[in-house]
There are 2 protein chains.
Amino acid sequence: MKITEGKSVSCVRGIQAAGCAVGLKKSGKKDMGLIYSEVPAVCAAVFTTNVVKAAPVLLDMERVKNPVTRALVINSGNANACTGEQGMADARATADHVAKRLGIAPEEVMVFSTGVIGQPMEMDKILAGVDICADALASGGDDVHRAIMTTDTKEKCFFAETEISGIPVSICGIAKGSGMIHPNMGTMLSYVITDAAVTKEVLQKVQEEVTHTTFNMVSVDGDTSTNDTAVLMANGCAGNPVIDSAEGEAYEAFLAAVHEISEFLAKAIAADGEGASRMIEVDLKGADTEETARLCARSVVSSSLVKAAVHGADANWGRVLCAMGYSGAAFDQGTVDVAFSSDEGHIDVFLQGVPVNFDEDRALKILSRDVIHIEIDMHQGDVSAKAWGCDLTKEYVAINGDYRS
Amino acid sequence: MKITEGKSVSCVRGIQAAGCAVGLKKSGKKDMGLIYSEVPAVCAAVFTTNVVKAAPVLLDMERVKNPVTRALVINSGNANACTGEQGMADARATADHVAKRLGIAPEEVMVFSTGVIGQPMEMDKILAGVDICADALASGGDDVHRAIMTTDTKEKCFFAETEISGIPVSICGIAKGSGMIHPNMGTMLSYVITDAAVTKEVLQKVQEEVTHTTFNMVSVDGDTSTNDTAVLMANGCAGNPVIDSAEGEAYEAFLAAVHEISEFLAKAIAADGEGASRMIEVDLKGADTEETARLCARSVVSSSLVKAAVHGADANWGRVLCAMGYSGAAFDQGTVDVAFSSDEGHIDVFLQGVPVNFDEDRALKILSRDVIHIEIDMHQGDVSAKAWGCDLTKEYVAINGDYRS
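Analysis parameters
- Residues numbered from 1 in each chain as written.
- Chains lettered and ligands numbered in written order.
- Predicted model: local features only at pLDDT ≥ 70, side-chain atom pairs only at ≥ 80, totals over all residues.
- Heavy atoms only, no water.
- Helix = DSSP H or I, 4+ residues; strand = E, 2+ residues; numbered from the N terminus.
- Buried < 20%, exposed > 50% of the residue type's maximum accessible area, 1.4 Å probe, protein only.
- Contact = heavy atoms within 4.5 Å.
- Pairing = 2+ DSSP bridges.
- Axes fitted to C-alpha atoms, helices over the stretch in contact; angles between N-to-C directions.
- Salt bridge = Lys/Arg side-chain N within 4 Å of Asp/Glu carboxyl O.
- Parallel < 35°, antiparallel > 145°, perpendicular 65-115°, else oblique.
- Left-handed = near helix turned anticlockwise from the far one by under 90°.
- Nonpolar A, V, L, I, M, F, W, Y, C, P; charged D, E, K, R; others polar.
- Phe/Tyr/Trp six-rings, centres within 6.5 Å; stacked < 30°, edge-to-face > 60°.
- pLDDT = per-residue confidence, 0-100.

**Comments concerning the overall build of chain A**
- Per the secondary structure count, chain A includes 11 helices and 18 strands.
- Judged by the C-alpha coordinates and their principal axes, chain A covers about 70 × 55 × 35 Å.
- The 405 residues of chain A split such that 62% are buried.
- Residue pairs at least 24 apart in sequence account for 79% of intrachain contacts in chain A once pairs closer than 6 positions are excluded.

Structural data, given as structure tokens:
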């Protein structure tokens, strides 16, 4: 499957999209987006596990149970979170207005919000934004992926075509990330939109499975936001035989396509973490259980000390081993290998539980690249896991600590 | 109980101590220390929960079960960790040499090590250090608290006298902290030494209870070291009636004394975290269970975003609430209050689940101090917890990322 960056969500059959600026962002940049399916579509979603959930998340957790979803409306600049009962009323009012403008039921609209938390929503701007987006849908402004950006420095929009049961199917993923939460910004949001024909039950299964190994394995700073949401929408316009079972060739092809787009988005979010100068990928194999694999990979990629070491281009196996040790997983350090690699090459630094005398200059060269792989082989089973993150830089502290000045 | 900073461990009756420099630290600073009880003493300890444990930790976990402990030998500069079988042989050899020099059994010696991990121990220097310290014991060099420092910028040594059953009892605590682990340094080590008469069983109970609410509630960077150890030693030289039960006035007085010294050490470790410019104390009350109280307090003090906000003197209740939300504790955000305070005053920023319109200038003034309290009242029960940490600064990143340059 070839993934390209030139096309956006409205290139998916039966999907219209638009973005606009209504002044929620002080910069004047686009801050509202609308995605609309011309035909009834099904939707699946995974939401933040944070106990403190934003009003739109609470609304969407109910609405995603409905058989049909046709519109996704998103604002950036001001997050509807920690806003009490008024916040829920605002989320509903936004959906109601979208429904009225598009001639669909309010229950078919899902609402998303990212930005400063705890501030009342400027509903006059939000409702005006709905109008502008609704008017622009047919002409296809198609820059929802820009309208959802906050501290993101790069657009995250990937498009691909694949074949399912011999029929061409389109899939497009857009996301925003950066810090996992930020007082002036937000949260991780992702939308994967496809014209494949899939039942709602299968779609939810695919989304849970994919999120587990992609978005849930990204850590920028360990903080889980109140608004994180990953959505998967399918409208059936490709005309493939409906995928209604979680097995068989068509299911596997669909799962692989959603997984590939989602992994691209996950990596793009990690690489664009606040203040990041390098992306880190932990490739862990040889674990005895999936839980051990995931706990260790996530713990390594989340460790402030590992992140700072990668920033300093230091092949610091001690911090890697230490982070595995406090991950909560049980394992024997005596069989563990650790290596670092990048497009400059590969270097073993710890083999079978014992440090290797390695060439520091070569390690420095390998670790001075943009994408650093931490390769771990536990030699205790055949389970693998990947996790993505970024280095810890002074710019991260500046973005998150000095934003007043 | 009045706590002073002028006295050290050898001011405790029956305790001798010495420190020296043997060249394990390139700086030439003191890097070996020895604490010796003139009479048989009992010892209790709590060790790191990291699965990857250093050789001395494994040795001490066995030795602490012995009825008598008389000597504690500590080196800094080069940690005996991830050193395989040789590491264990080195730890035993160090203890053997101490035992020979002091005329005690090897089983009565415990060994501690902090510094660069994965490098072979320079045993000639270690054994020479044991000789120098043993020779100096009687004259009382008494600077073990200096010999155990690594990236610490301040000495951590607190002394107090109290009365138990009408008898004067001395207690002295020393510690090193800084980063929870560091490739060139180490770990958290603490030693509380007292002349109280206590049974080994009661001592272990006191140490576990105290560690739970002091050292285990400190977070500098969320990384748990391979070598962390907190020791409590009591030699009975005060002559109080032996405390042999975990109840009654004498027990409570002893527990309170150990708790107070340990809390001083815990706070000193937090305040001296790598790169820290402010100490953070989370004062949480009104939780429904102890687990909720501890999870929430620790999660708030460990959050990179909270730490960065405190660095920026920002009264960011959103990050506080968010960190509570992903702590793993279940609670209702609707009754939560959040306030910030310092020696400049107190300001409410979130009351009963709703943001307060507060005076930003006043908040900035309160948060621009050296010690910042984050006060949380959950109004859901009567359980409290405290946790300590420090702000996240560019200096932390520099210490942990740029140490090569």
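Structure shown, so let's carry the discussion forward.
**Remarks on the environment of V130(A)**
Residues and elements named next belong to chain A.
- Looking at the secondary structure, you find V130 in helix α3 (residues 123-136).
- In this structure, the C-alpha to C-alpha distance between V130 and V73, residues 57 residues apart in sequence, is 7.9 Å.
- Those residues within four positions of V130 in sequence are excluded, and the remaining contacts are M32, V73, T94, H97, V98 and R101.

**A look at the sheet that holds strand β15 (residues 345-351) of chain A**
All names here are of chain A.
- What the seven strands build is an open sheet, ordered β11-β18-β13-β17-β14-β15-β16; its pairing is mixed. Single-partner strands in this sheet number two, and they are β11 (218-219) and β16 (354-355).
- Along the sheet, helix α6 (residues 249-271) contacts β11, β13 (279-287) and β18 (383-390); its crossing angle with β18, the most-contacted strand, is approximately 40°.

**Considerations on the pairing of strand β12 (residues 229-234) of chain B**
All names here are of chain B.
- By the criterion of burial, β12 is predominantly enclosed, with six of the six residues buried.
- Alternating residues of β12 divide into T229, V231 and M233 and A230, L232 and A234, and every residue in both groups is buried.
- Sheet topology places strand β3 (residues 32-47) next to β12; six bridges connect them, and they run antiparallel. Residue pairing for β12: A44 is matched across the bridge by L232.
- For strand β10 (residues 189-194) and β12, the ladder comprises six bridges, and the chain directions are parallel. Counted as the bridge partner of I193 is M233 from β12.

**With respect to the side chain of S262(B)**
All names here are of chain B.
- By secondary structure assignment, the location of S262 is in helix α6 (residues 249-271).
- Given a relative accessible area of 0%, S262 falls into the buried group.
- In this view, S262 contacts V192, V210, T214 and F215; residues no more than four positions away in its chain are not counted.

**Some remarks on the pattern of salt bridges**
Residues and elements named next belong to chain A.
- Counted according to the given criterion, the structure contains 28 salt bridges over all chains.
- Close ionic contact of K156 with D272 constitutes a salt bridge, the shortest N to O distance being 2.7 Å. With K156 in the loop between α4 (144-147) and β7 (157-164) and D272 in the loop between α6 and β13, this pair connects stretches of sequence that are 116 residues apart. Considered together, K156 and D272 belong to a single accessibility category, that of buried residues.
- With a closest N to O distance of 3.8 Å, E281 and K386 form a salt bridge. On the criterion of sequence distance, the pair formed by E281 in strand β13 and K386 in strand β18 is long-range, its members being 105 residues apart.
- You can call K386 partly exposed: its relative accessible area is 37%.
- Through salt bridges that share partners, E263, K267, E281 and K386 make up one connected network.

**A closer look at the packing of helix α7 (residues 290-302) of chain B against helix α9 (residues 317-325) of chain B**
Residues and elements named next belong to chain B.
- Running from N to C, α7 and α9 point in directions that differ by 130°, and their axes come no closer than 8 Å. The orientation of α7 with respect to α9, classified from their angle, is oblique. Of the two possible hands of crossing, α7 and α9 adopt the one that is right-handed. On the side of α7, the interface is formed by C296, S299 and V300, while α9 contributes V320, A323 and M324.
- Tallied by class, the residues present in the contact of α7 with α9 amount to five nonpolar, one polar and no charged.

**Looking at the packing of aromatic side chains**
Residues and elements named next belong to chain B.
- Taken as a whole and assessed by the stated rule, the structure comprises six aromatic pairs over all chains.
- Residues F112 and Y191 carry aromatic rings whose centres are separated by 5.0 Å and whose planes lie at 85° to one another, so their mutual orientation is edge-to-face. Here F112, found in strand β5 (residues 109-113), pairs with Y191, found in strand β10; they are 79 residues apart in sequence, far enough to count as distant. As far as the burial class goes, F112 and Y191 line up, both buried.
- The interplanar angle of 20° and the centroid separation of 4.7 Å between the aromatic rings of W317 and F350 together place this pair among those described as stacked.

**So, the sheet that holds strand β13 (residues 279-287) of chain B**
Residue and element names in this part refer to chain B.
- Taken together, the seven strands give an open sheet; going across it, the order is β11-β18-β13-β17-β14-β15-β16, and neighbouring strands pair in mixed fashion. At either margin of the open sheet sits one strand with a lone partner, and together these are β11 (218-219) and β16 (354-355).
- Bridge analysis of β13 against strand β17 (residues 371-377) gives seven bridges, and the strand direction is parallel. Opposite M279, over in β17, you have V371 as the bridge partner.
- Across the sheet, α6 is in contact with β11, β13 and β18 (383-390); its angle to β18 comes to roughly 40°.

**A look at the environment of L321(A)**
- Residue position: L321(A) is located in helix α9 (residues 317-325).
- For L321(A), a relative accessible area of 0% corresponds to the buried category.
- Each C-alpha atom of the pair L321(A) and Q333(A) lies 8.0 Å from the other, and the pair is 12 residues apart in sequence.
- Setting aside its immediate chain neighbours within four residues, L321(A) contacts Q333(A), V336(A), F350(A), V52(B) and C82(B).

**Looking at the confidence of the model for chain A**
Residue and element names in this part refer to chain A.
- On average, residues of chain A score 90 in pLDDT, and 94% of them are at 70 or above.
- At the level of individual helices and strands, chain A shows its lowest average pLDDT in strand β9 (residues 184-185), which scores 38, and its highest in strand β17 (residues 371-377), which scores 98.
- Within the model, the stretch residues 181-186 combines pLDDT values under 50 with 34 contacts to residues more than four positions away or in other chains.
- Reported confidences for the modelled complex are a pTM of 0.82 and an ipTM of 0.74.

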